[in-house]
Structure formats: C-alpha cells, structure tokens
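Each chain, written out:
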Amino acid sequence: MRRQVLLFILVLPLAAVLGQASYSIPEEMEKGSLVCNLAQDLGLDVKRLKSGKARIHSGDSAEYIELNRERGVLLIKQRIDRETLCGETTPCALHLQMILENPIELFRITIEITDINDNAPSFASTEKHFEISESAVIGSKFVLEKAIDADIGTNDLQSYSLKPTLNFALKLENQADGSKKVEMVLQKPLDREQQEKISLLFTAVDGGQPRMSGTMQITVNVLDANDNAPIFTKPLYKATLTENSPKGTSVITVRASDKDGGSNAEISYAISNSKRRLSDLFQIDRKTGEVILIGEIDYEKTKLFQIDIEASDNGGLSDSSKILVDITDINDNSPQMKILSKSDSILEDSPESTVIAVLSVNDPDSERNGEAKCNINNDIPFKIQNTMNGFYSLVTEIALDREASSQYNISVTCSDEGVPSLSSSVTLTLQISDVNDNAPVFERGSYEAYIVENNTPGLSIFTVRARDADWNQNARVSYILEDSSVNGVPVSSYVSVSADSGVIHAVRSFDYEQIKDFHFRVKAQDGGSPPLSSNVSVKIMIQDQNDNPPQVLYPVQTGGSVVAEMVPRSADVGYLVTKVVAVDVDSGQNAWLSYKLQKATDRALFEVGLQNGEIRTIRQVTDKDAVKQRLTVIVEDNGQPSRSATVIVNVAVADSFPEVLSEFTDFPHDKEYNDNLTFYLVLALAVVSFLFITCLVVIISVKIYRWRQSRVLYHSSLPVIPYYPPRYSDTLGTGTLPHVYNYEVCRTTDSRRSDCKFGGAGSQNVLIMDPSSTGTMQRMQSEKSILDEPDSPLEQKPPNNDWRFTQGQRPGPSGPHMPYGTHIRWTPKDGTRATGGPEVAMGTGPWPQPPTEAEQLQALMAAANEVSEATATLGPGTMGLSTRYSPQFTLQHVPDYRQNVYIPGSTATLTSNPQQQQATAQQATQQALPPPQASAQPEPPKAAQTPASKKKSTKKEKK
C-alpha cells in the first residue's frame, strides 16, 4: 500500500471542527464543469471562504479540481482520465483537503471518479498466424491474444466471439486475478488436402452502452502432424525484486518442455501483451526463458508486477504461464515538507500555544521508511506538535520578549525511521512585533545643572536623555515639563524643555541676587498606545556674576549739602578720621571689597585701610595744613572684571566749628549736565542737516534740468547736421581768421519734412575777441530757442555785400572746393526747394592771380592761431571742431580759404569778381559785424550744397 504522511497546523485552538465530504463524478468531464457546491454541503458561508483564503491542497497529484471562492463550488480544472489517473485501481478517487485561515480549519474532500465506456477493446496486433498440423487432435488448444480494454466494471471486456466456427471454438477460462484466458479449441479435425489455410475473425466486445468492440484477423496454416504442445514446469512463477535495481538484473528463469522431437520440440518464449506494457520493464530470452530487468522499478509507483509468458514450439503448439514479481521497498525518499500556512510576525505579548505555522509531512516510503518525526532547533521559545497523521503545528512555548530577541529563525527538521535515515528541513523567519511594554528610562536618577546669572533668554542649559527599549513609535520619547511653581511663579516662566531633544532652555534671564536655585521635574513619555512615562528631578543652580558695583553706605552722599569730618589740629598719627562703609550684593569673591585713596588734597596726610575702609592720619597735623581737605576713595570688589564705586569725603582741619563753617560755604556745586549747551548742540545739528538736504535737492534738480535740455535734440527721428560757417572781418586790416564763432541752426518751415535737423549752439552770446571790441555782442537770435518751436518758419537773410572781400584780403591758397565747409539745403513747407538768385555765383572758378609765398605763410599762421583759440573757446559746443584741430594738427588740415566763401545768414557765395572787391572792402570797414536787419528779405534762395547734401537731395528727389 502507498502511504502518505500529511502535517497540518491550526492557527486557532487545536480543537477546531473538521468536516468531510464525498462526491462521485464521471471521468472525461469538460473543463469548468461543476463538481459540487462545497460551501453549501459543508455549511460554510461564501464570505468565510473569502476571508479565510480557502484553498485546495491536493498533495502530490495533479490539480484536477479547483475552488471558486466567489461561488463556493468545486470546478473541473482539467479533463480527468480515470485510466491515466488510477489505471486498474478501484475505486478511483481524489483525496483533497480544503484549508481555511483565521482561524485555520481543515476539511477532507473525497471525489470518486467513475468509469465511462470511452475505450474500445483492442488487440496488440490486428493479425495472427497459426500453423497447425493436420494431425492435431480434437480438443487441441491454441492460446489467443487477449484484448485490452482500459475501462473497468461493466465497461471492461465482457466476451469474445470467433467466426466461423466450423473447425474451431472459443474457450474462456477465468484466472485468479479476474482476467480470462482465451483459447481456440479444435473441435473438428483438420484436413490439409481439403483446406490448407483457414481465416477466422476474432472479436472482443465490452459491456458498455453503447457496446464497443475490437477485432483481430486469425490465419491458420495447416501443417503436418505435431501432436504435442509445450508445457511449463509451473503454472505460476514467483520472484522478488528490490526497487531501484540496476538494469540487466535477472529476475527469474522459466522452463517449458515438449514431448515432440526434432524441430517440433524447439520452444521459444515470449511475454504476452498486457495493459501495463511490461515489455518496457522486462525482457525474456526467447531461447533460455530468462527474464531480465530493462527498466526502472519504483516501489512507490508499483508494488507488484504480473507477467504473462508463453512457450510455443515450431509446430505452433503453445502453453502459457504467469510470473508474479514482488517489489521490495528501500529507504530512498526523504520526507517531503510543505508549509500550508504561516505567520510572518507575531506580537510579543501573544499567549502561549499560539499557532505560528502549519506544515504537512509526507514520506512515500513504506513501513518504517515512511514514518517521519519532526523537531525544531533548541534554545527558542517554540515547540512543534503532531496534530494528526501527517500534519504538524508550530506553536509558542513561553512568553515572548521583543527586547530580548526581535527575530527568530526556526529550523524544522523531519527524519524518517529508515536505515540510513533520510531527513529534510525548512527554515521559517518570524518577526516579533513590538508592544509598548517598556517605559522610558532616564540616563541618571537626577540632574544638576549650573547657569551663570544674567544669561540670554533662550540659552541652552543642558540636556536630559531617556531611552526606551521598545521600537519605532513605541520608542519615540517626548519630553514634557511637569507643572510646578518656584516662589509662587510657574516653572514654565523659568525654563522650557524641547519635546524632541530634551534640551532645557532658559526662558528668562536669571538674577543670583533674587534666586539662587530651584527644582522642577521633567517627564519622558513614549509614543505608544497607551503611552508610558517616567520622570526625573532637575535642580538648576544659579552662579553669581560680578554684575553689581559696591554700594557706599557711609558717608552718605547728598546733593544739596556738604558733610565734612572734623580733624583737630592736635590730632596725632593714626587718628581715625572716619570710616567708609560699603557693601556688595554679589557673593563670594565678587563681594570682597578693597578701599583705596584715589585723590586727596594732601596725600601725605591721610591713608585708607585696604580692608576696613578706615581713614586715618599718617602724620602729625600742622598749622600749615589747609582747613579744607577733599578725599576721593574708590571701593573695588574682587570680581572679574572688577567693579568699583567712589565716594568723596570732605575733611575739615580745624579746632572750632565757626572756622569750618566759614571755609565750607564756598564749595562749588558741580553740575553734571549743562542744559544750555545741550540745547545749542541739538539746534546746530538740525540746521546743518536742513542745509545739507536743501543743497542735495538743488544739485539733483540742476542735473535733471541739464539732462532734459540735452535730450531735446534727440527726440526727433530726423538727423542733425552741424554747420560752422567762418565769419570774416577786415578789422585792423590783418586778413586773418576771425576770432568770433557763431552757431546757427537752419531748418525747414516744417521740421517734420526737413532733410536735416540741427542742434543749437552751446552759448546764446557771441564773444568778439577783436581788440577793438570792448563788450559782448547781444544775442543774434531770439530769446526763445528755435528748437522749442519746431513748426515756426525760418526766414533766410538776403545776401550781404559787407562780407565780400577783395582778392588781396582773401587769405590762403585758392581752390575750387572748400574741404571743410558744411552745405545746408533749405526746403519750404510746400516742399519746393529754393534756388539761388541770379546775382549769386556758385563756384566761379579759381582766383585770377596766384598767391605769393608770403600770403601762403600768412594764411597758414593765421589758421593755426585761429584753430588754437577756437579749440579753447568753443568748448563742448564745437561739435567736433576741437577734435579736428587737435594738437596733431598738420598742414594737411589747413582749409583752402581762397575758395568760394559762404556768408553766415546768407545763401550768397563770395566770388573772385575784381569789380566787387573794392566795394566790399569799403563796406567791411564801415559797417558793423552783424548784417543790417532792415534790408529787404527776398524769397530764400537755395544754398550751395555740400556733397553730403547733394546725395540726400538726390535720394529725396528719387522718392
């Protein structure tokens, strides 16, 4: 018999109720077919199946059945073939266990698999040939191959038939194992001369509904006479074989004998076909009859083998026999352990005999080889119990303590009783969950701390610490200051405790003279539920600090009257004049006082005792000593740093009181503060501050105003082109460059349509540097800047004949071009450019006479002198002239002044016409520099254009 040892451990008490259910189903049911309503049959609620995590344990067999927790039913997981599952074993049943948790419960379920007629009888071969001698006597038997039907019961093989039945008939003989031996019996003698070959149809029929059958074609060849068949020595042979025997092991040797002689006596042996396909495990020698093992034998799979053998001679006669092979078990399987349920953690306060895990143990071996015993490692608070056959439970043996051990590795070892013994083991890891069973413990039984007085509020004094043996939240310690009072004041107004770190802080500044020490209690509380706590006593002692100066008690210092000590002139050495009495409210060495004489009217007359403060004479008082003696005594303590106080002692050296009174009436009374002086100082500070702020505002305003004026020129998008026309004068008849520079702006009547935009001059006045001039010319332009009126029209002045010079008065070399002249285009508001009058000669050509070397030198010197003065006079309004006439000035920068000259305020051009030179020279000496304003103003002609203005004009005309 096959043995199974199962181990089961219950999580709840061991006396949990167990149930058992049995069912019967046919084989070959479709997958998903309903087997039974397990919850209803066992009286369980479907919710219990879900909460208990119900599952099916099927042991080592394949999982044919599955549990549907939602419905509480058993379903077919895969198709069941009874013949594959059980073979010939009857009844065929599945033994299952259903396991529930919380609490753990076990239910046994037996499902019997019934057979259906799904297999037809079959023969190993479809044809069989017999050679039978014609001399075969009636009643001769010929063994036929048995048909194989995998079904059982009524569905198994039931009957055979042989057709035709003229010469042969079937004979069925029941055997001890329940099978039938089929023989073909000769019932009519054979006559080879009449029929040499006979064909028969051998049919096997089962008893199922509908019936199924299998056939085999039998061919009989009639031979000459062979009238004796082989006969085995035994009808039944028995043999014993140990499992796991090696291949090639001889099992047994069988023998058969034949009375015939010659070739008819030669016997051959063969293994008949059977359901178990024994030909894969055993082989028989056809000549010797030795049976040899050719496969692997496992006692746990098959314990007994039945081998059908056949002996036949050459004449076709045969005999059959049977071999029974008994398999002997050996201890070749170790116990098989399976954890059915386990707990990963358990509370440390769990009661004794609490179930930790449930295990099943199975050893497939037999008898003592299959008996297993389980044990666990020592020195752990657990034990293992055998609850039922094959099931073990692991339970607690004593109370647990997480602080002693937070984790256990439990090794369960199961050994069988075989020789040698085989064993297997499994290790379970169990975490011990913490329970708040330990209160915080302070590192010390009480604490004492010192703090120096006059501390800063919030200063950390010291730290209290407590440890909790628990874990995680249960070990999280919080510190609480217990309610109490110090001199009627809550202790929380003195100190505070950090809840997390236990640091004690001073809430206020302590004064040693008011409080020297105080007590309070601190409670440490963990974060468990319920919380546990402990407390400790804390004593804070205030340390003295030298924060109080000595206080003089005598002599008393009064502000309104003068107190004096009288010393008679007859006083001897060591005469006690008075005693300075002082106290210090500090303690210790901070209150040790020493007395010293700081100042005195006559230091050789008095001394002060260092420790007692007594003032005594150190010499004999004489008539020469002054009546008024003033002593300044300083009193110091012994602190670090030391503090001191001074006292003034007035001593009168006299023999009578009236003498003292007359002398002390003129003592000056010192005033500590001068009220008038303080008032004047405050007033002076206010005035200075007001003046500073005023100056600052004025400077900022001026800066902003200048900045705004400078930004006006850049507000328009039109370009600004400066124009610097030279102004010529023949004053004193020198003919040099002019000393006067004027900046003028020429714009169109509509600045929005103008080609150019010009900035104003840096100054509104023109300074005449000529020696004959004694003042400053008035403004040549209106007081209101033209830039402030962008749309005001400009009226260009007509040509001025006063500016025309003779040929001899024109300095510099002649030339057709003016390299540094600035040409301006003027455009009226209607958009039409003005053109020059007929009297204006534009570019009249070269001068008629070439200049002499003296004239050239004179022009160069005048130009250099004028450039130097212009650079120093124009300032920032030169618009680049100072850069052009820089110290790096060379001859190549000297302009050609014998070219056409442009007159300021006019569009006319000076030409080289000889007829006009004399009139121009006379007018230049008679008229003032500014051109007359009363002359008629014709329509402004078009000014001479520079190359830059010509380019812009060309672009404008193209547009």
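Residues numbered from 1 in each chain as written. Predicted model: local features only at pLDDT ≥ 70, side-chain atom pairs only at ≥ 80, totals over all residues. Heavy atoms only, no water.

So, about the overall build of the protein chain. Check the secondary structure of the protein chain and you find 9 helices and 55 strands. Here the analysis covers contacts within the protein chain between residues at least 6 apart in sequence; of these, 71% occur between residues at least 24 apart. (Helix = DSSP H or I, 4+ residues; strand = E, 2+ residues; numbered from the N terminus. Contact = heavy atoms within 4.5 Å.)

On to the packing of aromatic side chains. Using the criterion set out here, one finds 15 aromatic pairs in the structure. Aromatic pair Phe142 and Phe168: ring centres 6.0 Å apart, planes at 75°, arrangement edge-to-face. Here Phe142 is found in strand E9 (residues 141-143), whereas its partner Phe168 is found in strand E11 (residues 168-174), with 26 residues between them in sequence. Across the pair, exposure class does not vary: Phe142 and Phe168 are buried alike. Taking 5.6 Å as the distance between ring centres and 35° as the angle between the ring planes, the aromatic pair formed by Phe510 and Phe518 counts as tilted. When its relative accessible area of 1% is taken as the criterion, Phe510 is described as buried. A relative accessible area of 2% means that Phe518 is categorised as buried. Grouped by ring-pair contacts, the aromatic residues Phe442, Tyr447, Phe462 and Tyr479 constitute a single cluster. (Phe/Tyr/Trp six-rings, centres within 6.5 Å; stacked < 30°, edge-to-face > 60°. Buried < 20%, exposed > 50% of the residue type's maximum accessible area, 1.4 Å probe, protein only.)

Mapped onto the fold, Asn436 is located in the loop between strand E31 (423-433) and strand E32 (441-442). For Asn436, the side chain forms a polar contact with the side chain of Asp526, separated by 3.2 Å. A distance of 2.9 Å separates a polar atom in the side chain of Asn436 from the backbone oxygen of Pro530. Excluding residues that lie within four positions of it along the chain, Asn436 makes contacts with Asp470, Asn474, Asp526, Gly528, Ser529, Pro530, Pro531 and Leu532. (Polar contact = N/O pair within 3.5 Å; in protein donor to acceptor, adjacent residues only side chain to side chain.)

Further remarks concern the side chain of Asp468. Note on placement: Asp468 falls in the loop between strand E35 (466-467) and strand E36 (478-481). Look at Asp468: it is buried, it has no salt bridge, and the nearest opposite charge is Arg402 at 7.2 Å. (Lys, Arg positive; Asp, Glu negative; His and termini not counted. Salt bridge = Lys/Arg side-chain N within 4 Å of Asp/Glu carboxyl O.)

Counting residues in hydrophobic clusters, the biggest one holds 29 residues, and the most contacted among them are Val495, Ile504, Phe518, Phe520, Val522, Val538 and Ile540. Broken down by secondary-structure element, the contributors of at least two residues to this core are strand E33 (446-452), strand E34 (460-463), E36, strand E39 (495-497), strand E40 (503-506), strand E41 (517-525) and strand E42 (533-543). When near neighbours in sequence (up to four residues on either side) are disregarded, Phe520 contacts Leu481, Ser484, Val491, Val495, Ile504, Val536, Ser537, Val538 and Ile540. (Core = buried A, V, L, I, M, F, W, Y, C linked by side-chain atoms within 4.5 Å.)

The strand order across the open sheet formed by 4 strands is E1-E7-E6-E3, and the pairing between neighbours is mixed. Each edge of the sheet is formed by a strand with only one pairing partner; in this case those strands are strand E1 (19-26) and strand E3 (55-57). Here the average twist between neighbouring strands, direction ignored, is 30°. Relative to strand E7 (residues 105-114), strand E6 (residues 92-100) is paired through 9 bridges, and the arrangement is antiparallel. Bridging across to E7, Leu100 finds its partner in Glu105. (Pairing = 2+ DSSP bridges. Axes fitted to C-alpha atoms, helices over the stretch in contact; angles between N-to-C directions.)

In the structure shown here, the tally under the stated rule is 2 disulfides. Residue Cys86 pairs covalently with Cys92 via a disulfide, S to S 1.8 Å. The sign of the 65° torsion about the S-S bond sets the Cys86-Cys92 disulfide as right-handed. Here the two residues Cys86 and Cys92 agree in accessibility, since each one is buried. Across the disulfide from Cys374 sits Cys414; the S-S distance is 1.9 Å. (Disulfide = S-S within 2.5 Å.)

Another aspect to go through is the pattern of salt bridges. For the coordinates displayed, the defined rule picks out 19 salt bridges. Two residues, Lys50 and Glu70, come together in a salt bridge whose shortest N-O distance is 3.0 Å. Residue Lys50 is found in helix H2 (residues 46-51), and its partner Glu70 is found in the loop between strand E4 (65-68) and strand E5 (73-76); the two are separated by 20 residues along the sequence. Overall, Lys50 belongs to the partly exposed group, its relative accessible area being 42%. Residue Glu70 is classed as exposed on the basis of its relative accessible area, which comes to 55%. As a salt-bridge pair, Glu83 and Arg82 come within 3.5 Å of each other at their nearest N and O atoms.

In this section: the environment of Ala571. You can see Ala571 is positioned in the loop between strand E44 (564-567) and strand E45 (576-579). Overall, the relative accessible area of 3% leaves Ala571 in the buried class. Taking the C-alpha atoms as reference, Ala571 lies 8.0 Å from Thr617; in sequence the two are 46 residues apart. Excluding anything up to four places from it in sequence, Ala571 contacts Gln620 and Val621.

Moving on: the sheet that holds E31. Across the sheet, 4 strands lie side by side as E25-E31-E30-E27; this open sheet has mixed pairing. Among the strands making up the open sheet, the edge pair consists of strand E25 (345-347) and strand E27 (372-376). Averaged over all pairs of adjacent strands, the angle between strand axes in this sheet comes to 30°, irrespective of strand direction. Inspection of the sheet shows strand E30 (residues 407-416) paired to E31 by 9 bridges, in the antiparallel sense. Looking across to E31, one finds that Tyr408 is bridged to Leu430.

Relative to E40, E34 runs antiparallel, the two sharing 3 bridges. Within the sheet, the bridge partner assigned to Phe462 lies in E40 and is Ile504. Of the pairings in the sheet, the one linking E39 to E40 comprises 3 bridges and is antiparallel in character. What sits directly across from Val497, in E40, is Ile504. Count of turn residues in the E39/E40 antiparallel hairpin: 5 residues, of which Gly502 carries a positive phi of about 80°.

Together, Phe679, Tyr680, Leu683, Val687, Phe690 and Leu691 make up a nonpolar patch on the protein surface, roughly 660 Å² of accessible area in all. Examined against the element boundaries, Leu691 turns out to sit in helix H5 (residues 675-712). Here Leu691 falls in the partly exposed class, since its relative accessible area comes to 49%. (Patch = residues over 30% accessible without salt bridge, like charges linked within 9 Å, V, L, I, M, F, W, Y side chains within 5 Å. Areas by Shrake-Rupley, 256 points an atom, 1.4 Å probe, with all protein chains shown as cover.)

Further remarks concern unusual backbone geometry. Here the bond from Tyr554 into Pro555 is cis, since omega is 0°, no more than 30 degrees from zero. Relative to the helices and strands, Pro555 resides in the loop between strand E43 (551-554) and E44.

Here we come to the confidence of the model for the protein chain. Averaged over every residue, the pLDDT of the protein chain is 75; the share at 70 or more is 69%. Throughout residues 1-17 the model reports pLDDT below 50, and contacts reaching past four residues in sequence, or to other chains, amount to 77 contacts. Below a pLDDT of 50 lies the segment residues 667-673, which in the model reaches 6 contacts outside its immediate sequence neighbourhood of four places, other chains included. (pLDDT = per-residue confidence, 0-100.)

In this fold, Ser312 is placed in strand E22 (residues 304-313). When the C-alpha atoms of Ser312 and Ala270 are compared, they prove to be 8.5 Å apart, with 42 residues separating the residues in sequence.

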